[in-house]
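Report on the structure
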Amino acid sequence: RLRKLAKLTELRELHYGHSGDWHYKDIPRADFDGSGLEALADSKIESLHIGGSRFGLPGELAIAGMKNLRQLLFRHVDHTEEGMTASSRHAGLVDFGIGLSHDRAAHGSKLAEVIPLILSLPNLEKLFIQEAFLKWDNGLATIADKGEKLKTIEFGRGSVIFPEDVERLKQALPNTNI
């Protein structure tokens, strides 16, 4: 169904959300893998928000091929290492946001695993993290170590970060607006 959006030649922003079991019980789960985004590789889409959706490696790989993409926000979407690695090479992405799935037990470890991949984006300027519990030794030290090119780091709603860790991050990245 996403392939149909290729006909919208002037589309610049796409929000793809809440395609979970609770909304589309009559459509097989495998039909929500994001693979239809491959038809948008040459589109003018600059901003893509994917939230609360079933999504898979085909969609992640399609995103990596979207030539004009500058902003990407993943919320409540599972990620694969292969897909995140492919996306981390996207030269056009300057703004990357992430809010993890509702799997609270895995929040810290999942985010700590993807932060280095996100920070390896060659032209990343803004990092947006929401709905995450981060500590210095579980993600923030990595941001401090590899985030020198960032102009902005924003911790959005639902994020829990100790004030002393925020101060430590500000000291480590004095040229970054946090």
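Data block above holds the structure.
Reference entry: report on the structure contained in this document. (Residues numbered from 1 in each chain as written. Predicted model: local features only at pLDDT ≥ 70, side-chain atom pairs only at ≥ 80, totals over all residues. Heavy atoms only, no water.)

**Focus: the pairing of strand 4 (residues 95-99)**
- Where burial is concerned, most of strand 4 is hidden: five out of the five residues are buried.
- Of the two faces of strand 4, the one lined by Asp 95, Gly 97 and Gly 99 and the one lined by Phe 96 and Ile 98 are each fully buried.
- Relative to strand 4, strand 3 (residues 71-75) is paired through five bridges, and the arrangement is parallel. Each residue of the ladder has a partner; that of Leu 73, found in strand 4, is Gly 97. (Buried < 20%, exposed > 50% of the residue type's maximum accessible area, 1.4 Å probe, protein only. Helix = DSSP H or I, 4+ residues; strand = E, 2+ residues; numbered from the N terminus. Pairing = 2+ DSSP bridges.)

**Focus: the environment of Val 160**
- Tracing the chain through its elements places Val 160 in strand 8 (residues 160-161).
- Overall, the relative accessible area of 41% leaves Val 160 in the partly exposed class.
- Apart from residues lying up to four places away in sequence, Val 160 is in contact with Ala 132, Phe 133 and Leu 134. (Contact = heavy atoms within 4.5 Å.)

**As for helix 4 (residues 136-146)**
- Along helix 4, the positions that sit buried rather than exposed are Trp 136, Gly 139, Leu 140, Ile 143 and Ala 144. One side of helix 4 holds all its buried residues, which, seen down the axis, span an arc of 140°. In helix 4, the exposed positions that point more than 90 degrees away from the buried face belong to Asp 137 and Asp 145. (Arc of directions from axis to C-beta.)

**Re the packing of helix 4 against helix 5 (residues 163-172)**
- Running from N to C, helix 4 and helix 5 cross one another at 20°; their axes reach a closest spacing of 9 Å. Taken as axis vectors, helix 4 and helix 5 run roughly parallel relative to one another. In terms of crossing hand, the pair formed by helix 4 and helix 5 is right-handed. Facing helix 4, whose interface residues are Trp 136, Leu 140, Ile 143 and Ala 144, helix 5 presents Asp 165, Arg 168, Leu 169 and Ala 172. (Axes fitted to C-alpha atoms, helices over the stretch in contact; angles between N-to-C directions. Parallel < 35°, antiparallel > 145°, perpendicular 65-115°, else oblique. Left-handed = near helix turned anticlockwise from the far one by under 90°.)

**As for the nonpolar core**
- Counting residues in hydrophobic clusters, the biggest one holds 45 residues, and the most contacted among them are Leu 37, Ile 63, Phe 96 and Ile 143.
- Aside from chain neighbours lying at most four places away, what touches Ile 63 is Leu 37, Leu 48, Ile 50, Phe 55, Leu 69, Leu 72, Phe 74, Ser 87 and His 90. (Core = buried A, V, L, I, M, F, W, Y, C linked by side-chain atoms within 4.5 Å.)

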